[in-house]
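# Residue-level structure breakdown
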Amino acid sequence: MKRPVLSAALGLVLATGLAAVPATATAAVAAPVQGYTATAHAGTAAHRSDSLAFYQAVMKSALAKQAKTPYLKSVVVTYDTTNAPSFAGEIAQAAQIWNGSVGNVQLQEGGNADFSYYEGDDPSNGSYASTDGHGHGYIFLDYTQNQQYSSLRVTAHETGHVLGLPDDYSGPCSELMSGGGPGPSCTNPYPDAAERQQVDALWENGLRAAH
């Protein structure tokens, strides 16, 4: 059964069919980045640039938090699930998976969030992560794609982008960031050793700059 479409009261409903994306992020909607499946924009220079901007935006917020707490051992990145109620369970599980996989950054649901989750229908792009480049990142979870693929894997994969990981569609199922590359039968929601190490390296004490 198809998940219910969000009410317009939750936010701006775009003509493209996206449900409730924040007004501050609409500039990035035309060119969503880091989708779950390989699309025309994947691997392009613009795609890589937008991916880096996403990581830098989240890192900027994380650095501000670390500066307020100089002896902080791990950076806490907060997220909001208000506009993705149908995926609350998957989001909580994905956060738990990442929190158990890495030590230098931890995900926590809370107010004044660094990034938000949204849900709706977007047959052209499916699920993806995007940002306006000023710390207002978001993850969009597409209903249809989350029925075709393991919803937990999709959510954990997109969350991986917030932590700085790029897509690698040619990778095996054991690699979380291979996304939809291995096909719908792949349900692995866990990052592999290399992905865990990469995230910890990127967020080392919250101080390492994006490259």
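With that settled, consider the overall build of the protein. For the protein, the helix and strand inventory stands at six helices and five strands. Counting from the amino terminus, helix and strand elements in the protein follow one another as α-α-β-α-β-β-β-β-α-α-α. Counting over 211 residues, the protein shows a buried share of 51%. Sequence-distant contacts, at least 24 apart, represent 65% of the contacts inside the protein between residues at least 6 apart. With an accessible surface of roughly 9200 Å², the protein has 55% of that area assigned to carbon and sulfur atoms.

Turning to the sheet that holds strand β1 (residues 75-83), a few remarks are in order. On the basis of which strands lie adjacent, the open sheet formed by five strands has the order β2-β1-β3-β5-β4 and mixed pairing. Looking at the sheet topology across the chains shown, the edges are occupied by β2 (105-109) and β4 (128-130). Here the average twist between neighbouring strands, direction ignored, is 25°. Direction of pairing for strand β3 (residues 115-120) relative to strand β5 (residues 137-142): parallel, over a ladder of six bridges.

This part is about the state of the cysteines. Tallying each qualifying case throughout the model produces one disulfide. Two residues share a disulfide in this structure: Cys-173 and Cys-186, whose sulfurs sit 2.1 Å from each other. Negative torsions about the S-S bond denote left-handed disulfides, and the value of about 90° found for Cys-173 with Cys-186 makes this one right-handed. Of this pair, Cys-173 sits in the loop between α5 (151-162) and α6 (193-202) while Cys-186 sits in the loop between α5 and α6, and the two are 13 residues apart along the sequence.

So, on to the packing of helix α3 (residues 88-101) against α5. Put simply, α3 and α5 touch, their axes get as near as 9 Å, and they point 55° apart. What the angle tells us is that α3 and α5 run oblique. In this structure, the crossing between α3 and α5 has a hand that is right-handed. Between α3 and α5, the residues in contact are Glu-90, Ile-91, Gln-93, Ala-94, Ile-97 and Trp-98 and Ser-151, Leu-152, Thr-155, Ala-156, Thr-159 and Gly-160, respectively. Within the contact of α3 with α5, the residues separate by chemical class into six nonpolar, five polar and one charged.

Conventions we followed
Residues numbered from 1 in each chain as written. Predicted model: local features only at pLDDT ≥ 70, side-chain atom pairs only at ≥ 80, totals over all residues. Heavy atoms only, no water. Helix = DSSP H or I, 4+ residues; strand = E, 2+ residues; numbered from the N terminus. Buried < 20%, exposed > 50% of the residue type's maximum accessible area, 1.4 Å probe, protein only. Contact = heavy atoms within 4.5 Å. Areas by Shrake-Rupley, 256 points an atom, 1.4 Å probe, with all protein chains shown as cover. Pairing = 2+ DSSP bridges. Axes fitted to C-alpha atoms, helices over the stretch in contact; angles between N-to-C directions. Disulfide = S-S within 2.5 Å. Parallel < 35°, antiparallel > 145°, perpendicular 65-115°, else oblique. Left-handed = near helix turned anticlockwise from the far one by under 90°. Nonpolar A, V, L, I, M, F, W, Y, C, P; charged D, E, K, R; others polar.

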